[in-house]
Amino acid sequence: MHKWYVLHALSGKEQRAKESLEERVRLAEMGDQIRQVIIPVHTVQDIRGGQKKISTRKFFPGYMLVEVELNDDSWQLIKQTQGIIGFLGGAKPKSLSQKEVAEMFEQIEESKEKVAPRVRFENGDRVKVNEGPFEGFIGHVEKVDEERGKLGVSVTVFGRTTPVELEFWQVEKEQ
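Here's a quick rundown of the structure. Keep in mind that this is a model prediction, so the values were computed, not measured.

## Quick notes on the overall build of the protein chain
(1) Moving on: The helix and strand inventory of the protein chain stands at 3 helices and 12 strands.
(2) Moving on: On C-alpha atoms alone, the protein chain measures out to a radius of gyration of 22 Å, which is more than a quarter above the 16 Å that the 2.2 N^0.38 rule sets for 175 residues.
(3) Moving on: Oriented by its inertia axes, the alpha-carbon framework of the protein chain measures out at about 75 × 30 × 25 Å.
(4) Moving on: In the protein chain, which comprises 175 residues, the proportion classed as buried is 39%.
(5) Moving on: Considering only residue pairs separated by 6 or more positions, the protein chain has 57% of its internal contacts joining residues 24 or more positions apart.
(6) Moving on: Between the mean site of the 27 positive side-chain charges and the mean site of the 29 negative ones, the protein chain shows a separation of 4 Å.

## Describing the sheet that holds strand β5 (residues 63-68)
Picture the strands of a sheet paired through backbone hydrogen bonds; they go either parallel or antiparallel.
(1) Moving on: A sheet is described by the order of its strands in space; here 4 strands give the open sequence β2-β5-β1-β6, paired in antiparallel fashion. The sheet is open, and its two borders are formed by β2 (34-38) and β6 (84-87), each paired with just one other strand. Each strand of the sheet is rotated relative to its neighbour by a mean of 30°, with strand direction disregarded.
(2) Moving on: Pairing geometry for strand β1 (residues 3-9) and β5, over 6 bridges, is antiparallel. Within β5, the residue paired with His 8 across the bridge is Tyr 63.
(3) Moving on: The strands touched by helix α1 (residues 14-27) are β1, β2, β5 and β6; relative to β2, the strand with the most contacts, the crossing angle is about 170°.
(4) Moving on: Against the sheet, helix α2 (residues 72-79) engages β1, β2, β5 and β6, with an angle of about 145° to β6.

## Considerations on the sheet that holds strand β10 (residues 150-157)
(1) Moving on: Spatial ordering of the open sheet is given by β11-β10-β9-β8-β12, a layout of 5 strands whose pairing is antiparallel. The sheet terminates laterally at β11 (160-167) and β12 (171-173), the two strands that pair on one side only. Sheet twist, expressed as the average angle between the axes of neighbouring strands with direction ignored, equals 40°.
(2) Moving on: Here 3 bridges tie strand β8 (residues 126-129) to β12, and the two strands are oriented antiparallel to one another. Within the sheet, the bridge partner assigned to Val 129 lies in β12 and is Val 171.

## Some points on α1
(1) Moving on: An ideal rise of 1.5 Å per residue puts 20 Å on 14 residues; α1 measures up with 20 Å between its terminal C-alpha atoms.
(2) Moving on: Listing the buried residues of α1 in full gives Glu 14, Ala 17, Lys 18, Leu 21 and Val 25. Seen end-on, α1 carries its buried residues on one side only, within an arc spanning 100°. When the buried face of α1 is taken as reference, the exposed residues oriented beyond 90 degrees from it are Arg 16, Arg 26 and Leu 27.
(3) Moving on: Remark: Glu 29 follows α1 within two positions and exhibits a positive phi of approximately 55°.

Basis of the calculations
Every chain's residues receive numbers from 1 upward, in the order its sequence appears when written. Only residues with pLDDT of at least 70 are given local features in this predicted model, and only at 80 or more are side-chain atom pairs given and counted; all residues enter the totals for whole chains, interfaces and linings. Excluding hydrogens and water, the side-chain values take into account all heavy atoms of the structure. A helix here means a DSSP run of H or I that spans at least four residues, while a strand means a run of E at least two residues long, and both kinds are numbered starting from the N terminus. Throughout, the radius of gyration refers to the C-alpha atoms, and the reference size of a globule is 2.2 Å times the residue count to the power 0.38. With a 1.4 Å probe rolled over the protein chains alone, any residue whose accessible area is under 20% of its type maximum counts as buried; one over 50% counts as exposed, and the rest are partly exposed. For this analysis, residues touch if any pair of their heavy atoms sits within 4.5 Å. Neither His nor the chain ends is counted toward charge; the positive residues are Lys and Arg and the negative residues Asp and Glu. A single reference atom marks each charge: NZ on Lys, CZ on Arg, CG on Asp, CD on Glu. Paired strands, in this sense, are two strands between which DSSP finds at least two bridges. Orientation is described by axes fitted as lines to C-alpha atoms, over the contacting stretch for helices, and by angles from 0 to 180 degrees between their N-to-C directions. Each residue after the first adds 1.5 Å to the expected span of a helix. This arc describes the spread of directions from the helix axis toward the C-beta atoms.

In structure tokens:
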């Protein structure tokens, strides 16, 4: 019976380990025992050099999921794959429950629909505006609207505090 397990991989080398494992499964003709290897990721938006960039980030850096019928052969094939440290749980790994698997895939699907900001904002955060009519202004976050990806920010214009609505990508946190 196929179940989902968590594999520990070398951090930063997850994609290479996944490809190595998939190639070894293909060469050993074990596709019936090892069905899927997944690195759960979500889409985030980032500001670099004043430009909005969309990229993916791993939910769990250093870990992968594998759907496998665990037996001696599949165990050895996985354990001997370059870049894979082992199963989470060591010599007696415990499979993920159906509920955990369903929640994981639901979380992955939700992240495809909604791009999350790389930086989380909170009320009171000091931010610098990087784009728009208030570019260069410093302000304080008054309101965070995660659903719409907008911030209510108070900036000082001509000596008066003025509330403005900005998108997450238009600002960056001040240190």
